[in-house]
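# Observations on chain architecture
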Amino acid sequence: MMKKNIFNPPTPVESYFLNRSKLDFQYDPDEKIPVLQVNNFPLLGQLTALRFLEWVQSNPEGVVSLPTGKTPEYFIRYAEHYLSTWEDKKTSAFLEEVGLNQSVKPNLKDLQFVQIDEFFPISPTQHNSFFDYVMKYYINGFGISAERAQLIDASKIVFPENKSFEEIFPGLDVDLSLRFRQPQTGRGRLQKQAIECVDEFCTDYERKIRDKGGIGFFLGGIGPDGHIAFNVRGSDFYSTTRLTPTNFETQAAAAGDLGGIEVSQKRLVITIGLNTITYNPDATCLIFAAGEAKAKIVAASVQEKANNLYPASALHEMVNARFYITSGAAAFLDRRQAHEMEEVSEVSENLVDQHLITLSMRSRTPVQEIDENQIAEKLVPATALKKSKADLPQIKQRIIDDLKLKLNKGLAPLENEVFFHTAPHHDDIMLGYLAHIVHLVRTPLNDHHFAYMTSGFNAVTNEFVRDQIVNAMTYMETEQYARLADEGYFEADNEAAAQRDIYTYLDGVAHHSPTLRANGSSRRLIRNLLILYPEVKLDMISIKMLELIEYLQTRYPGQKDEPLMQNLKGRIREWEADLVWGHYGTPIKNVHHLRLGFYKGDIFTEDPTMDRDVQPILEYMEKIRPTVVTLALDPEASGPDTHYKVMQAIAEAIRLYKQRHPEAPLRVWGYRNVWFKFQPTDANIFIPVSLNSMAIMNETFKYCFQSQVDAPFPSHEYNGPFSGLAQKIQVQQHQDMKRVMGRDFWYENSHPRVRAAHGLVYIKEMELDEFYTRARELQKVTESQA
């Protein structure tokens, strides 16, 4: 059994953040490892950066392993900020307050860097290789010595016959079963020898790390399955550096880096092992995680007994191991939640209700049937009840009344509203609340406008674009194309013809005609190419098509595209969104594509700016004068960071709009879809979803989002199109409320839409003051960092 209190006490930097959080370092006996909790994603980066610099001050030649991906964004930005302003008066005062020795500026040059992992096979020159990331941000960015760095560069491995890995593994497919069987072909024997060379590289890599005394400072994220480095769920605690396959959750998370799930499923990885990380018993091992999406795996990794299902639990006996997490990621750390309630004089009704609803869902007991004995067995609801002014019967009745009110709001007809539906990406709205829109559009008294804030080009694969171009070239050989061309159909300013593109495609849906659908898509693609090449006449556009096909053939999956290709891919996504709302008679002029400039396809998305990003939203609001603005609500800035950054841009546009029109009625609807889920108490509008509405969503997604129907960039939770995952979430939310309210409420309800419900959509309606409060804290933190 693990000894209690084996962990070293918090450092000065950690103590500073602990004092600010007013939480304990570790809550025995549940938490098996210390946890530092901060409010949001930028603060997480600030904490990790300061702790890293604190460690470097004492270990200027130490061995460090630092993470790749999106999670380190603010870690990197804060570290660079403090190093570049170390002598500034303001920075100096803050560093002294935090507990850093301001007289000793950390020198990163002499650190010994160890790369954590890498895809295999992959060229180190590819921008989506981890080697490239390390070189860009840590070697060149931080100034760590390249000569002292230990990196994973597959091009440096000496393969049989001095061949490259591209020559040995055509298509970059590596069959690890060759380790254990005798190949029957010359190529197979060559590949077996190459795998043995990689295995020897891994052994040598591990040996070099141990010769250094092991890793002294390890900072890593945690994957959806709990992986650290690429040690996926089930990894041996005594694992070392190795070539290994991954699992679906890890492949889904990597799909965005590698250009799609088809690529990431084929890629193996070279990763340091769990024992590599823990070899140095005095190593500082930090795992950082942000957002509610990570809450369950964080709770299991921190609270469960160490076992192979939770790779991060291998750190439970490391004296300097820590979890650094945001409040959202701490949602299921029970004693931490209970402590926060104990420290306040009174717990809000909303929080009390949330914990009793959670107990009801987990115990599968209707909330009206929960008794005090059940509550007493669970720390968090017991603490909530103790701190509540109301007694248990009052709370239970309040919960039922509140849930009924939310459901009634979702059923109530709305008229004379001007909806400004906004989305970071082109499928966000329909995946979030299409079941509600289906009812809202039925009255002509409402006016609907849809605005997509980014181009979304990262979600379109090269193969899909190539197929679309080939289809268009085939269409250009038809008599119909020649006739339309003579009519001026494809002229850029022919808005009526652009609307006909949509009708043609949707006629194809109605007639079950792939040909009509292809014709509609081809017409729009040709129109878009003429817009992108204004100097090219229609009879010469086929030459540009051939050039684009050639361009695509020279690109590796996941490679950042040239601006013109980004624009074309974005217009493909825009076409898909036009088709969605064409189902409901929405004219093309009411579907607006803002293409905000902060979205550039870089791994770290720029922050929105006033002139470039806020002003276009404000101008559109001035034009339509909305009464309801909808947005993807991600207050913690985890997951797709475009969601948070779009929310900040919209928040600023709303502020400016209300300054100009203080009397204008305006409220905000926050929605979530496949990336984030509301707690029932967070939302205040419940929309019943029938089987018919689910079928509409799935069919609409299948026919409109052709670039996404094969799920090239799936969620780790679901191996299939996002519409299937959205349905799964909606069904689960309905199941949860059946448990809480009792199935008879639903089966015997007087309202037919309630009886017909098999899913629920949650929406959070906010008055502007509440919305500003949600958006303000993160904006303040981000601006101060910038």
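Scroll up to find the structure.
Let me begin by describing the structure that accompanies this report. Just so it is clear, the model here is predicted, and its values are computed rather than measured. All residue numbers refer to positions counted from 1 along the written sequence of the respective chain. Where local features are concerned, this predicted model is filtered to residues with pLDDT of at least 70; where side-chain atom pairs are given and counted, the filter is 80 or more; whole-chain, interface and lining totals use all residues. The side-chain numbers reported here are obtained from all heavy atoms of the structure, hydrogens and water having been left aside.

### What about the overall build of the protein chain?
For the record, the criterion: In this text, helices come from DSSP runs of H or I with a minimum length of four residues, and strands from runs of E with a minimum of two, each type numbered from the N-terminal end. A radius of gyration in this sense is built from C-alpha atoms; the matching globule rule multiplies 2.2 Å by the number of residues raised to 0.38. Relative accessibility under 20% of the residue-type maximum defines a buried residue, over 50% an exposed one, and the middle range a partly exposed one, all with a 1.4 Å probe and only protein chains included. Should any heavy atoms of two residues lie within 4.5 Å, those residues are considered in contact. Areas reported as accessible are Shrake-Rupley estimates using a 1.4 Å probe. Residue values count occlusion only from the protein chains shown.
Of the regular secondary structure elements, the protein chain holds 30 helices and 16 strands. Relative to the compact-globule value of 28 Å for 786 residues, the protein chain shows a C-alpha radius of gyration of 28 Å, a close match. Reported as C-alpha extents along the three principal axes, the dimensions of the protein chain are approximately 75 × 75 × 60 Å. Buried residues in the protein chain amount to 61% of all 786 residues. Sequence-distant contacts in the protein chain: of pairs separated by 6 or more residues, those separated by 24 or more amount to 78%. Carbon and sulfur atoms make up 49% of the accessible area of the protein chain, which totals about 32,200 Å².

### Points about the environment of Leu-392
The topology assignment puts Leu-392 in helix H16 (residues 392-411). With residues up to four places along the chain from it excluded, the contact list for Leu-392 reads Leu-356, Ile-370, Asp-371, Glu-372, Ile-375 and Leu-385.

### Section: the environment of Phe-218
Here Phe-218 lies in strand E5 (residues 217-220). On the accessibility criterion, Phe-218 (1% relative accessible area) is buried. Through-space distance from the C-alpha of Phe-218 to that of Cys-285 is 4.7 Å; in sequence the pair is 67 residues apart. Non-local contacts of Phe-218, meaning those with residues more than four positions away in its chain, are made with Ser-65, Ile-116, Ile-272, Ile-277, Thr-284, Cys-285, Leu-286 and Ile-287.

### Remarks on the pattern of salt bridges
As a reminder, the rule being used: By convention in these notes, a salt bridge is any Lys or Arg side-chain nitrogen within 4 Å of a carboxyl oxygen on Asp or Glu.
What the rule picks out here adds up to 49 salt bridges. Across the salt bridge formed by Glu-699 and Lys-702, the nearest N and O atoms sit 3.3 Å from each other. Taken as a pair, Glu-699 and Lys-702 lie in helix H26 (residues 691-704) at a separation of three residues, close to a single helical turn. On the basis of relative accessibility, which here comes to 36%, the residue Glu-699 falls in the partly exposed class. Residue class for Lys-702 comes out partly exposed when judged on its relative accessible area of 34%.

### Thoughts on the nonpolar core
How we decide: To form a nonpolar core, buried Ala, Val, Leu, Ile, Met, Phe, Trp, Tyr and Cys residues must be joined to one another through side-chain atoms within 4.5 Å.
One finds Phe-52, Phe-75, Tyr-138, Phe-142, Ile-617, Ile-654 and Met-737 to be the most contacted residues of the largest nonpolar core, which totals 119 residues. Once residues within four sequence positions are removed from consideration, Phe-75 is found in contact with Gly-45, Thr-48, Ala-49, Phe-52, Leu-66, Tyr-138, Phe-142, Leu-219 and Phe-288. Ranked by size, the runner-up nonpolar core spans 56 residues in total, among them Val-63, Ile-228, Phe-237 and Ala-289.

### So, empty space enclosed by the protein
Quick reminder of the rule: Two kinds of site are reported from a 1 Å grid over the protein atoms alone, namely cavities, where a 1.4 Å probe fits but cannot get out, and pockets, open sets with protein on both sides within 12 Å along at least five of seven lines, and residues are called lining when an atom falls within 4 Å of a point. Grid points are joined across faces, edges and corners, and a volume is the space filled by probe spheres set on the points. Amino acids outside the nonpolar list (Ala, Val, Leu, Ile, Met, Phe, Trp, Tyr, Cys, Pro) and the charged list (Asp, Glu, Lys, Arg) are all regarded as polar, and Gly is one of them.
Here the structure, examined in full by the defined rule, presents five cavities of 30 Å³ or more. Contributing to the lining of the largest cavity are 14 residues, with Gly-432, Arg-672, Asn-673, Ile-729 and Gln-733 lying nearest its centre. Contributing elements (two or more residues each) for the lining of the largest cavity: helix H17 (428-440), helix H27 (722-741) and strand E16 (757-766). For the lining of the largest cavity, the element with the highest residue contribution is H27, accounting for four residues. Its residues placed into classes, the lining of the largest cavity shows eight nonpolar, four polar and two charged.

### Some points on the packing of helix H22 (residues 541-553) against helix H23 (residues 563-582)
Short version of the rule: A fitted line through C-alpha atoms serves as each axis, taken over the contacting stretch for helices, and the angle formed by two N-to-C directions is quoted from 0 to 180°. Orientation categories follow fixed angle ranges, with anything under 35 degrees roughly parallel, anything over 145 roughly antiparallel, 65 to 115 roughly perpendicular, and all other angles oblique.
Here H22 crosses H23 at 105°, and the two axes come no closer than 12 Å. Relative to H23, the element H22 is oriented roughly perpendicular. Taken together, the residues of H23 that come into contact with H22 (itself represented by Leu-548, Tyr-551 and Leu-552) are Leu-564, Met-565 and Leu-568. Split into classes, the residues belonging to the contact of H22 with H23 amount to six nonpolar, no polar and no charged.

### Notes on H16
Short version of the rule: Take the number of residues in a helix, subtract one, and multiply by 1.5 Å to get its expected span.
With 20 residues, H16 ought to run about 28 Å at 1.5 Å a step, and its terminal C-alpha atoms sit 29 Å apart, in line with that. Within the span of H16, buried status applies to Leu-392, Ile-395, Lys-396, Arg-398, Ile-399, Ile-400, Leu-403, Lys-406, Leu-407, Gly-410 and Leu-411.

### Here we look at the packing of aromatic side chains
For any pair of aromatic rings, geometry is given as the distance between the ring centres together with the angle between the planes. Here is the rule we go by: Stacked, edge-to-face and tilted are the three classes for Phe, Tyr and Trp ring pairs, Trp counted by its six-membered ring, which pair at centre distances within 6.5 Å; planes under 30 degrees apart are stacked, over 60 edge-to-face, the rest tilted.
For the structure on display, the rule yields 37 aromatic pairs. Seen in terms of ring centroids, Phe-52 and Phe-75 are 5.7 Å apart; in terms of plane orientation they differ by 70°. Their pairing is edge-to-face. With Phe-52 in helix H2 (residues 41-58) and Phe-75 in helix H3 (residues 73-84), the pair connects residues that are 23 residues apart, well separated along the chain. The two residues Phe-52 and Phe-75 agree in class, both being buried.

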